[in-house]
Amino acid sequence: HLISDPDGTAVPVDDGASNEDAVEDGSRPHRKGLAFPDKDLEGYVDAFFSCNEGERILADPDGFRNDDKEREAWKRERQSLTLDWKRKRKYAMTRIQKRVKI
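Rules used throughout
Residues numbered from 1 in each chain as written. Predicted model: local features only at pLDDT ≥ 70, side-chain atom pairs only at ≥ 80, totals over all residues. Heavy atoms only, no water. Patch = residues over 30% accessible without salt bridge, like charges linked within 9 Å, V, L, I, M, F, W, Y side chains within 5 Å. Areas by Shrake-Rupley, 256 points an atom, 1.4 Å probe, with all protein chains shown as cover. Salt bridge = Lys/Arg side-chain N within 4 Å of Asp/Glu carboxyl O. Lys, Arg positive; Asp, Glu negative; His and termini not counted. Charge placed at Lys NZ, Arg CZ, Asp CG, Glu CD. Helix = DSSP H or I, 4+ residues; strand = E, 2+ residues; numbered from the N terminus. Buried < 20%, exposed > 50% of the residue type's maximum accessible area, 1.4 Å probe, protein only. Expected span 1.5 Å × (residues − 1).

Participant: What's the story with a negative patch on the surface in this structure? I'm lost.
Facilitator: Together, Asp38, Glu42, Asp46 and Glu55 line one region of the surface with negative charge. Of the residues forming the negative patch, the biggest block, three residues, is contributed by helix α1 (residues 38-50). Judged by its relative accessible area of 53%, aspartate 46 is exposed.

This is the structure in structure tokens:
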């Protein structure tokens, strides 16, 4: 089947090729799955790093790691997730035990 390059030309793709194999006409290798244009991919990457203070982390990773306020926030979040996991596990175990008794 054919996949179009960013410049709009159709390029044949061999589905049986490995990730490192180039298309026969010498263009860049194609992978199975979704292919995004570079500008769209850059937009997704920028959006990803703009979430949850990503830009601040990229600008100063050591300052972010050593920030006491961030440590406390992460500690609260981790505790909340742990308690939620324990609650769900306890509920699942009681359901399994009731099923075994019957």
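Participant: For this particular structure, what's the right way to read α1?
Facilitator: Each turn of an α-helix holds 3.6 residues, which means side chains three or four residues apart point in the same direction. End to end, α1 covers 18 Å across 13 residues, agreeing with the expected 18 Å (1.5 Å per residue, within 8%). Just downstream of α1, asparagine 52 is the residue with a positive phi angle, here 50°.

Participant: Sorry if this is basic, but what is going on with a nonpolar patch on the surface here?
Facilitator: On the surface, a cluster of nonpolar side chains totalling about 860 Å² of accessible area is made up of Leu34, Phe36, Leu41, Tyr44, Val45, Phe48, Phe49 and Leu58. Top contributing element to the nonpolar patch by residue count: α1, with five residues. Mapped onto the secondary structure, leucine 58 falls in helix α2 (residues 54-59). Judged by its relative accessible area of 54%, leucine 58 falls in the exposed class.

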